[in-house]
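Here's the letter readout for the chains.
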Amino acid sequence: MIPVPVSVVLLTLNEEHHLPGALANLTDWAERVFVLDSGSTDLTVSIALEAGATVVQRRFSNFGDQWNFALRELPITATWTMKLDPDERLTDELKQSISAAIALYAATGLSFSRRLWFMGKPLPIRQEIVRVWKTGHCRFTDVSVNEHPLVDGEVDHVEGDLEHHDSPDLH
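Residues numbered from 1 in each chain as written. Predicted model: local features only at pLDDT ≥ 70, side-chain atom pairs only at ≥ 80, totals over all residues. Heavy atoms only, no water.

Draft legend 1. How the structure looks around helix α4 (residues 92-104). Taking 1.5 Å per residue as the helical rise, α4 with its 13 residues ought to reach 18 Å, and the 19 Å between its terminal C-alpha atoms agrees with that figure. Along α4, the positions that sit buried rather than exposed are L94, K95, S97, I98, A101 and I102. One face of α4 carries all of its buried residues, which in axial projection span an arc of 165°. Exposed and oriented more than 90 degrees from the buried face of α4 are D92, Q96, A103 and L104. Downstream of α4 by one or two residues, Y105 has phi in the positive range, about 55°. (Helix = DSSP H or I, 4+ residues; strand = E, 2+ residues; numbered from the N terminus. Expected span 1.5 Å × (residues − 1). Buried < 20%, exposed > 50% of the residue type's maximum accessible area, 1.4 Å probe, protein only. Arc of directions from axis to C-beta.)

Written out as structure tokens, the structure is:
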């Protein structure tokens, strides 16, 4: 499989329990994976490096600041950039839809549905989110939490779900 011309960026802090699944989900799909780590004390950095991700460490102040640093300072050379959290997984349908939309090169950004999961089961909740954009055409709101991308251009919706596996159990 030829990788899609997209660099995926993940922010991490002690994500050794989620990161292997996230990185495996991107294998043979994304051109490059960046992990911007906020000083993990577990095996997060080792896991990322072993999987071939590019790791940069930076002290965390807030989500908006961290994302804007990533977009400004990481050596992203792919035509497209994607935001992904370590507890999220792309379905095969979403991967195909993103690949097809990127090949068309019509929009500047892409939105899709994120489906929430709880204790290993999908909830009947979907949120439309923007997570893919042409490199250089996005910045993030400068807020502590619930940051969102501001894409300079048209955003098209593609089919498929981004699965958010936030709470695998009650612990």
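Draft legend 2. The arrangement of the environment of I98 in detail. Turning to its location among the elements, I98 is positioned in helix α4. For the pair I98 and Q57, spaced 41 residues apart in sequence, the C-alpha to C-alpha distance is 28 Å. Setting aside residues up to four positions removed in sequence, I98 forms contacts with W29, M82, L90, L110, F112, V132 and V158. (Contact = heavy atoms within 4.5 Å.)

Draft legend 3. Focus on unusual backbone geometry. The phi torsion at N14 lies on the positive side, around 55°, for a residue other than glycine. Here N14 shows up in the loop between β1 (4-12) and α1 (19-26). Given the relative accessible area of 28%, N14 is considered partly exposed. Positive phi, close to 65°, is recorded for D28, a residue that is not glycine. Within the secondary structure layout, D28 lies in the loop between α1 and β2 (30-37).

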